[in-house]
Amino acid sequence: MKFLVVGGGGREHALCWAIRRERPNATILCAPGNAGTAAAATNIPIAVTAIDDLVALAEREAVDLVIVGPEGPLAAGLADRLRARQIPTFGPSAAAAQLEASKAYAKDVMTSAGVPTAASRPFSELPGALAYIDRHAEPLVVKADGLAAGKGAIVCRSRAEARAAAEAMLGERVFGDAGALIVVESFLVGEELSVLAVTNGTDSVILPPAQDHKRLLEGDQGPNTGGMGAYSPVSLATPELLAKVARQVIEPTLAEMRRRGAPFSGVLYAGLMIDPGGNPSVVEFNCRFGDPETQVILPRIERGLVDLLLAAATGAPLPPVVIKPDAAVTTVLAAAGYPDKPASGDAVAIPSDGSEAIAFHAGTRLDADGTVRTAGGRVFAVTGLGSTFEAAQAASRRLAERIEFAGKQYRRDIGWREAARRGAAR
Ligand code: AMP
Ligand code: GLY
């Protein structure tokens, strides 16, 4: 079989690695890939924005399955274009990708479907937004409607902060057109959880849930990032809670998308807030695998991932996946200056001896002389596996310490909520 993975981050390295594990003899292409995917796959230097070139590549190579990693090409219609050429594609249509690409659209779908989420209002004009903010309880959240690389949501402690955020987005257009429409919403209290459901548009298989760490610094301090680490399983995510998420979030959302003539296939990522009473609300939907969630979820799948992705892509009944009991913890190693102005071009030293952790490459590139260099904000996601959470955490941290590059930043407290829960239970 021949696979094409679109993207070049840690998520795509994990996808190539997981496909290789299940299909040792397959041809795996990755566009554009990174220094890590170069080992698990064949990198093809085509950018994720070059939709025509990606379609031409998949057609020329007669690819059996395309898996689209990032949201940008999905929102730009890559899956539609590939399916129009009869190429099986894992990922939603441009219409269905609006669940991530427009927060106002996602809110509208959730309201129609009765999915629990924070109360909100969309605004395209500043005076209306400011008047609404002035009547809103504190804290509150101001979000750019469109894709803003994970930076478009501003949690505001005060109405003054919210006014400033609305002015920056609608007035100064700090997020460009992505902020031409904003959503003002109520602040949700609780603990966040990422639940990823693989779906053929009707049925879904919920993958092991993970918890991301969005803030740059230990203790969840500092600016929001794309995600500094994750772990799975999460003991907060009991079977009862997951049943509630399926019933209250995933199933009604998929039904509403079908009703709107935009059935969603691929992976529906529900970013949830679980309140102290154990009730989930949706913070955001993503239309793709999470990063770094994928780097902890896929190593926990014993077998069945490729068959599941193929079934979802072709609308076939979904086979179950077999999950390992092991815990996984991934620690992101970020470049100096991340998230604002990440440095790049620094040489990387990776220990070559057998390690019990997996170094998924994210922002790396390979020089002609074989030197690996930093080439992006998040440089690695180091996944440790173990029979307990603590063992996985230790394995991840050990390798995180040993990979070297100038200005490396990482958190040593990935999974601190789980550690606290386990400590309290003892
Ligand atoms: P988003 O881009 O919508 O995922 O938001 C990024 C982050 O901001 C989330 O992961 C939360 O930590 C936080 N956030 C967003 N919306 C809310 C909300 N309504 N209540 C509390 N925190 C939020
Ligand atoms: N880890 C957050 C995301 O993938 O959007």
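Before any of the text, the structure's been laid out above.
Residues numbered from 1 in each chain as written. Chains lettered and ligands numbered in written order. Predicted model: local features only at pLDDT ≥ 70, side-chain atom pairs only at ≥ 80, totals over all residues. Heavy atoms only, no water.

Caption draft 1: Structural context of the overall build of the protein chain. Scanning the protein chain for helices and strands turns up 14 helices and 24 strands. What you see for the protein chain is a C-alpha radius of gyration of 21 Å, in line with the 22 Å of a compact globule of 426 residues. Overall, the C-alpha framework of the protein chain stretches about 60 × 50 × 45 Å when taken along its three principal axes. Expressed as a percentage of its 426 residues, the buried residues of the protein chain come to 54%. The long-range share in the protein chain, meaning contacts at least 24 apart out of those at least 6 apart in sequence, stands at 67%. (Helix = DSSP H or I, 4+ residues; strand = E, 2+ residues; numbered from the N terminus. Rg over C-alpha atoms; globule rule 2.2 N^0.38 Å. Buried < 20%, exposed > 50% of the residue type's maximum accessible area, 1.4 Å probe, protein only. Contact = heavy atoms within 4.5 Å.)

Caption draft 2: A look at the side chain of Lys107. Assignment of secondary structure puts Lys107 in helix H7 (residues 103–113). Of the polar contacts made by the side chain of Lys107, one reaches the backbone oxygen of Ala118; its length is 2.8 Å. Every residue in contact with Lys107, bar those within four places of it in the chain, is listed here: Thr117, Ala118, Ser120 and Glu185. (Polar contact = N/O pair within 3.5 Å; in protein donor to acceptor, adjacent residues only side chain to side chain.)

Caption draft 3: Focus on the sheet that holds strand E10 (residues 191–199). A sheet is described by the order of its strands in space; here four strands give the open sequence E11-E10-E16-E17, paired in antiparallel fashion. Across the chains shown, the open sheet's two edge strands, defined by having one partner strand only, are strand E11 (204–206) and strand E17 (280–286). Recorded for the sheet is a direction-independent mean angle of 30° between the axes of neighbouring strands. Across nine bridges, E10 lies against strand E16 (residues 266–274) in antiparallel orientation. Pairing of Val198 across the sheet is with Val267, part of E16. Along the sheet, helix H10 (residues 239–259) contacts E10, E11, E16 and E17; its crossing angle with E16, the most-contacted strand, is approximately 125°. (Pairing = 2+ DSSP bridges. Axes fitted to C-alpha atoms, helices over the stretch in contact; angles between N-to-C directions.)

Caption draft 4: Up close: the packing of aromatic side chains. In this structure the tally under the stated criterion is four aromatic pairs. With 5.4 Å between their ring centres and 85° between their planes, Trp17 and Phe360 make a pair best called edge-to-face. Of the two residues, Trp17 is situated in helix H1 (residues 10–22) and Phe360 in strand E21 (residues 357–361); the sequence distance between them amounts to 343 residues. Taking the relative accessible area as the measure of exposure, Trp17 reaches 21% and is therefore partly exposed. Accessibility expressed as a relative area gives 0% for Phe360, which makes it buried. Relative to Tyr132, the ring of Phe123 lies with its centre 5.2 Å away and its plane at 45°, an arrangement referred to as tilted. The exposure class assigned to Phe123 is buried, which follows from its relative accessible area of 7%. (Phe/Tyr/Trp six-rings, centres within 6.5 Å; stacked < 30°, edge-to-face > 60°.)

Caption draft 5: How the structure looks around the sheet that holds strand E9 (residues 182–186). The sheet built from four strands is open, its strands ordered E6-E9-E7-E8 with antiparallel pairing. The open sheet has two edge strands, strand E6 (120–123) and strand E8 (153–156), and neither has a second partner. Within the sheet, the average angular offset between the axes of one strand and its neighbour, ignoring direction, is 20°. In the sheet, strand E7 (residues 140–144) pairs with E8 via four bridges, with the strands oriented antiparallel. Across the sheet, the residue bridging to Leu140 is Cys156, located in E8.

Caption draft 6: Layout of the site of ligand 1. Around ligand 1, the structure places 14 residues, and the nearest of them are Glu185, Ser186, Leu188, Glu192 and Glu284. Between ligand 1 and Lys143 there is a distance of 2.9 Å, counted from an oxygen atom to a side-chain nitrogen or oxygen. At a separation of 2.8 Å, a nitrogen atom of ligand 1 approaches a polar backbone atom of Leu188. Compared with its free state, where it exposes 470 Å², ligand 1 has 93% of that area covered by protein. (Near = heavy atom within 4 Å. Areas by Shrake-Rupley, 256 points an atom, 1.4 Å probe, with all protein chains shown as cover.)

Caption draft 7: Representation of the nonpolar core in the model. Leu4, Val66, Val249 and Phe285 are the most contacted members of the largest nonpolar core, which totals 53 residues. Ranked by residue count, the leading element in this core is H10, at seven residues. Listed in part, the 43 residues of the second largest apolar core include Leu15, Cys16, Leu65 and Leu318. (Core = buried A, V, L, I, M, F, W, Y, C linked by side-chain atoms within 4.5 Å.)

Caption draft 8: Layout of the pairing of strand E4 (residues 65–68). Of the two faces of E4, the one holding Leu65 and Ile67 and the one holding Val66 and Val68 are both buried throughout. Strand direction decides the pairing type here: strand E1 (residues 2–7) and E4, joined by four bridges, are parallel. Each residue of the ladder has a partner; that of Phe3, found in E4, is Leu65. Of the pairings in the sheet, the one linking E4 to strand E5 (residues 89–90) comprises two bridges and is parallel in character. Counterpart to Val66 in the pairing with E5 is Thr89.

Geometry only, nothing functional implied.
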